[in-house]
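# Secondary and tertiary structure notes
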Amino acid sequence: MQVDVAAAYAELTSRLADLGADGVRVVGVTKAHGPWAVQAACDAGITAVGENYAQEVRDKAEVLAAVRASGVEVHFIGGLQTNKVRMVAGRVDVIQSVDRTSLIDEIARRDAGIAVMVQVHHGGETNKAGCAPAEVHDLVEHALQRGLDVLGLMAVGPTDGDRGATEAAFTATRALADRLGLPECSMGMSNDLDIAVACGTTMVRVGTALFGAR
Ligand SMILES: *Cc1c(COP(=O)(O)O)cnc(C)c1O
């Protein structure tokens, strides 16, 4: 069922204002929704949309190009296999999910100078997307050397609902970005954006609260 995205965005905007987050950008996560969601985001005045899957970026190429032409940014926020960078190249404005040197090299080869963010994970799970905090500095340096425009860091909080762990992860991410002199921190989703705002996010990635359940 398609929801009223404009109404949901108005509600989200006022929720963010109540949290004192007026300058925080909203990336509307349109993954697993059809092209309608991308168009609805654009019509509602959302200035950036996020996609998670390379194939979906390719399949939605037409609507993504149309909204980019009207000034909406497209952010890639999902795990990205190196051999799928070609499906994303030229179709997005920012790749937020950069977490290894091989991926940086392929992105630089296919989409010179594109804006990226380094995804970091806090907490021990090595199966999770994102690099370890100790790797962030070298990855940022590598991306800069390859000519990429490094905007900042991206983090996905723990998804088990542990608010203390989420706060710790977001606080550590913001501190790391500050230490590296990086302005942007993409953290916070529908269920933890209040914590992200308190920890200094500059960009929340919101899917469910804008477009409904997937
Ligand atoms: C799906 C997803 C989101 C949006 O999650 P919601 O809970 O629907 O708001 C944000 N960031 C990433 C990386 C995602 O995969």
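What comes next is a walk through the structure. (Residues numbered from 1 in each chain as written. Predicted model: local features only at pLDDT ≥ 70, side-chain atom pairs only at ≥ 80, totals over all residues. Heavy atoms only, no water.)

## Brief notes about the overall build of the protein chain
For clarity, the cut-off: Only runs of H or I of at least four residues qualify as helices and only runs of E of at least two qualify as strands under DSSP, and these elements are numbered from the N terminus. Radius of gyration: over C-alpha atoms. The globule rule applied is 2.2 Å multiplied by the number of residues raised to the 0.38 power. Think of it in three bands: with a 1.4 Å probe and only protein chains considered, a residue is buried below 20% of the maximum accessible area for its type, exposed above 50%, and partly exposed in between. Two residues qualify as a contact provided that any one of their heavy atoms is within 4.5 Å of a heavy atom in the partner residue. For every accessible area listed, the method is Shrake-Rupley and the probe measures 1.4 Å; residues are considered covered only by the protein chains on display. Counted charges follow a simple rule, with Lys and Arg positive, Asp and Glu negative, and His plus the chain ends left uncounted. Throughout, a charge is located at the NZ atom of Lys, the CZ atom of Arg, the CG atom of Asp or the CD atom of Glu.
Each helix and strand counted, the protein chain has 10 helices and eight strands in total. Relative to a compact globule of 214 residues, whose C-alpha radius of gyration would be 17 Å, the protein chain shows 16 Å and is just as compact. Along the three orthogonal principal directions, the C-alpha set of the protein chain runs to about 45 × 40 × 30 Å. Looking at the 214 residues of the protein chain, the share that counts as buried comes to 50%. Long-range contacts, defined as pairs at least 24 residues apart, comprise 56% of the intrachain contacts of the protein chain with a sequence gap of at least 6. As displayed, the protein chain offers around 9400 Å² of accessible surface, 49% of which is attributable to carbon and sulfur atoms. In the protein chain, 19 side chains carry a positive charge and 27 a negative one; their mean positions are 7 Å apart.

## A closer look at the site of the ligand
Heads up, the condition is: Any residue with a non-hydrogen atom lying within 4 Å of a molecule or strand is treated as near it. Whenever a nitrogen or oxygen atom comes within 3.5 Å of another N or O atom, the pair is scored as a polar contact, on the condition that within protein one atom can donate a hydrogen and the other can accept it, and that pairs from neighbouring residues in sequence are kept only if both atoms are in side chains. With a 1 Å grid laid over protein atoms only, a set of points is called a cavity when a 1.4 Å probe fits there but cannot get out and a pocket when it is open yet has protein on both sides within 12 Å along at least five of seven lines; lining residues have an atom within 4 Å of a point. In this scheme, a molecule is assigned to a cavity or pocket if more than half of its atoms are within 2 Å of the grid points.
As a matter of local geometry, the ligand sits amid V29, K31, N52, I77, V156, M189, S190, R205, V206, G207, T208 and R214. S190 places a side-chain nitrogen or oxygen 2.5 Å from an oxygen atom of the ligand. Protein contact buries 89% of the 390 Å² of open area that the ligand shows by itself. Of the pockets mapped on this structure, the ligand occupies the largest pocket.

## Observations regarding unusual backbone geometry
Negative phi is the rule for most residues except glycine; trans is the rule for most peptide bonds. Although it is not a glycine, A32 adopts a positive phi angle of roughly 65 degrees. With respect to the element layout, A32 can be found in the loop between β1 (25-29) and α2 (35-44).

## Describing the pattern of salt bridges
Note the following rule: Any Lys or Arg side-chain nitrogen found within 4 Å of a carboxyl oxygen on Asp or Glu counts as a salt bridge.
Taken as a whole, this structure holds 11 salt bridges when the rule is applied. Across the salt bridge formed by E73 and R25, the nearest N and O atoms sit 3.1 Å from each other. Of the two residues, E73 sits in strand β3 (residues 73-76) while R25 sits in strand β1, which places them 48 residues apart along the sequence. Residues participating in the shared-partner salt-bridge network are E51, E56 and K60.

## Digging into helix α7 (residues 136-145)
Helical periodicity: at 3.6 residues per turn, an α-helix aligns residues three or four positions apart in one direction. Formally: The arc under discussion is defined with respect to the helix axis, by the directions toward the C-beta atoms.
Residues of α7 that are buried: V136, L139, V140, H142 and A143. Buried residues along α7 cover an arc of 165 degrees about the axis, so they all sit on one side. Residues D138 and Q145 are exposed on α7 and point more than 90 degrees away from its buried face. Once α7 finishes, G147 follows within two positions and takes phi at roughly 85 degrees, a positive value.

## Quick look at the pairing of strand β8 (residues 203-206)
Note the threshold: Whether two strands pair comes down to DSSP finding at least two bridges between them.
Here β8 shows no split at all, with M203 and R205 on one side and V204 and V206 on the other all buried. Note that β1 and β8 share four bridges and pair parallel. The residue bridging V26 from the neighbouring strand is V204, located in β8.

## Considerations on the environment of A61
Mapped onto the elements, A61 comes out in helix α4 (residues 61-69). Remark: the alpha-carbon pair of A61 and V92, spanning 31 residues in sequence, is separated by 9.5 Å.

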